[in-house]
Amino acid sequence: MQIGIVGLGKMGGNIAIRLTRHGHDVVLYDRTPAVISRVAERAEAGKTIASSGLKDMVAKLTAARRIIWLMLPAGEVTEAAVTELGGLLGKGDILIDGGNSFYKDDIRRAAELAKKGIHYIDVGTSGGVWGLERGYCMMYGGTKDATDHIDPILSALAPGIGDIPRTPNRDRPGFDPRAEQGYLHCGPAGSGHFVKMVHNGIEYGIMQAFAEGFHVMKSKNAPDLPENQRFDLNMADIAEVWRRGSVVSSWLLDLSARALAANPDLSNYKGDVADSGEGRWTIEAAIEEAVPVPVMTEALFTRFRSRTGNNFAEKMLSAMRFGFGGHIEGTNT
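Predicted model only: the values in this text are computed from it and were never measured. (Residues numbered from 1 in each chain as written. Predicted model: local features only at pLDDT ≥ 70, side-chain atom pairs only at ≥ 80, totals over all residues. Heavy atoms only, no water.)

A. Structural view of the overall build of the protein chain. Of the regular secondary structure elements, the protein chain holds 15 helices and eight strands. With the C-alpha coordinates aligned to their principal axes, the bounding extent of the protein chain is approximately 75 × 45 × 40 Å. For the protein chain, buried positions account for 48% of its 333 residues. In the protein chain, the share of contacts with a sequence separation of at least 24, taken over all contacts with a separation of at least 6, comes to 68%. Split by element, the accessible area of the protein chain, about 16,100 Å² in all, is 57% carbon and sulfur. Taking the 37 positively charged and 40 negatively charged side chains of the protein chain as two groups, their mean positions are separated by 3 Å. (Helix = DSSP H or I, 4+ residues; strand = E, 2+ residues; numbered from the N terminus. Buried < 20%, exposed > 50% of the residue type's maximum accessible area, 1.4 Å probe, protein only. Contact = heavy atoms within 4.5 Å. Areas by Shrake-Rupley, 256 points an atom, 1.4 Å probe, with all protein chains shown as cover. Lys, Arg positive; Asp, Glu negative; His and termini not counted. Charge placed at Lys NZ, Arg CZ, Asp CG, Glu CD.)

Structure representation (structure tokens):
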């Protein structure tokens, strides 16, 4: 299939490259021409075309149903792109937002574009900077017609079943087989980003638990403790042993072990932990639903506190964020 990718940053560029590796043709656009060139150089030869702007991209999409995937920061930048493309695309065309937009914005955009016959699909995309090789877990919302049409795109980006053991009883009717492949149609427009939003809220809580636990262990050698109760524990070794068969083994633990092995005191991190929106939105949704979420709320508030002074726990959070997403301290990306 042919698709246009707008925004070729850490994830957008890798999405474009992965699609070319699976035989898809990609029209590229980024506001920085040098970025377009770098992505084209890494992509499969002959599978990309550069464009100079959104109008030029639309003109270079020759399929009967034009498909454009936005991979831009949530907020005004994405809103402006959706508005401009709403005036360039036509009936039957498909506009995808693969960033981290607020799900209520998706609902509004889908309704506005539907008046013109344009389909809007929101794709919550998880996988960070590792997605090029591992694939991306995707949760998406939109009409069945449009989501079925882009299934070859999503299938190419998804990680596939890999070597993860199958969950018992999933061979019964009523389950979507695509979930085992790492991508899932969640429902109408907005539902994909809603599920991804909650995913990120859960991620906040898990990361916070790891960070606090390692801080407790690192502080076990504090001078104000009785001497016979002090332990000089090796954080890197503990993270490594937990990776091997423990019930808390996970990708976040893998990233923690990697960061600690490289620099056990994490002195290369300040611990200024940003929040990119999804944690706040998850808590707002919980308030609307009257659902208690104390763990995620406290994890979000800890990120606020980290910007006024840091400890080892916040350095752990920074290390994990950099590990999975390449997030630099002090930024909301």
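B. Region of the structure containing the pairing of strand β2 (residues 25–29). Most of β2 sits inside the fold, with four of its five residues counted as buried. Two elements, strand β1 (residues 2–6) and β2, share five bridges in a ladder whose sense is parallel. Counterpart to Q2 in the pairing with β2 is D25. Viewed along the sheet, the connection from β1 through helix α1 (residues 12–21) into β2 turns out right-handed. (Pairing = 2+ DSSP bridges. Right-handed = clockwise from strand over helix to strand, strands pointing away.)

C. Structural detail: the state of the cysteines. Tallied over the full model, the rule gives zero disulfides. The thiol sulfur of C137 is not disulfide-bonded, and the nearest other cysteine sulfur, from C186, lies at 9.0 Å. Owing to a relative accessible area of 35%, C137 belongs among the partly exposed residues under this scheme. On the accessibility criterion, C186 (29% relative accessible area) is partly exposed. (Disulfide = S-S within 2.5 Å.)

D. Molecular detail of the pattern of salt bridges. If you walk through the whole model with that rule in mind, you get 23 salt bridges. K47 is the salt-bridge partner of D25, the closest N and O atoms lying 2.9 Å from each other. Here D25 is found in strand β2, whereas its partner K47 is found in the loop between α2 (33–42) and β3 (48–50), with 22 residues between them in sequence. Residue classification places D25 among the partly exposed residues on the basis of a relative accessible area of 32%. For D93, the salt bridge goes to R66, with nearest N and O atoms at 2.8 Å. On the criterion of sequence distance, the pair formed by D93 in the loop between α4 (76–86) and β5 (94–97) and R66 in the loop between α3 (54–60) and β4 (67–70) is long-range, its members being 27 residues apart. Given a relative accessible area of 2%, D93 falls into the buried group. Connected via shared salt-bridge partners are E79, D97, D105, D106, R108, R109 and E112. (Salt bridge = Lys/Arg side-chain N within 4 Å of Asp/Glu carboxyl O.)

E. Helix α5 (residues 103–114), seen in detail. Between its first and last C-alpha atoms α5 spans 16 Å; for 12 residues at 1.5 Å apiece the expected length is 16 Å, and the two agree. Here α5 has its buried residues at Y103, D106, R109, A110 and L113. With its buried residues spanning 110° around the axis, α5 presents them on a single face. (Expected span 1.5 Å × (residues − 1). Arc of directions from axis to C-beta.)

F. Quick peek at the nonpolar core. Ranked by size, the top nonpolar core spans 52 residues in total, and within it I5, L19, I68, W69, L70 and M138 carry the most contacts. For L70, the residues in contact, after removing those within four places along its chain, are V6, T78, A81, V82, L85, L95, I96, D97, G98 and G99. (Core = buried A, V, L, I, M, F, W, Y, C linked by side-chain atoms within 4.5 Å.)

G. View of the sheet that holds β5. A sheet is described by the order of its strands in space; here eight strands give the open sequence β3-β2-β1-β4-β5-β6-β7-β8, paired in mixed fashion. Of all strands in the sheet, those bounded by a partner on one side alone are β3 and β8 (183–187). Mean inter-strand twist for the sheet, computed between neighbouring axes without regard to direction, equals 25°. Bridge analysis of strand β6 (residues 119–126) against strand β7 (residues 137–141) gives five bridges, and the strand direction is antiparallel. Paired with V123 across the bridge in β7 is Y140. Contacts from α2 reach β2 and β3 within the one sheet, and its direction differs from that of β2 by about 160°. Sheet contacts for helix α10 (residues 191–218): β5, β6, β7 and β8; angle to β6, the most-contacted strand, approximately 20°. (Axes fitted to C-alpha atoms, helices over the stretch in contact; angles between N-to-C directions.)

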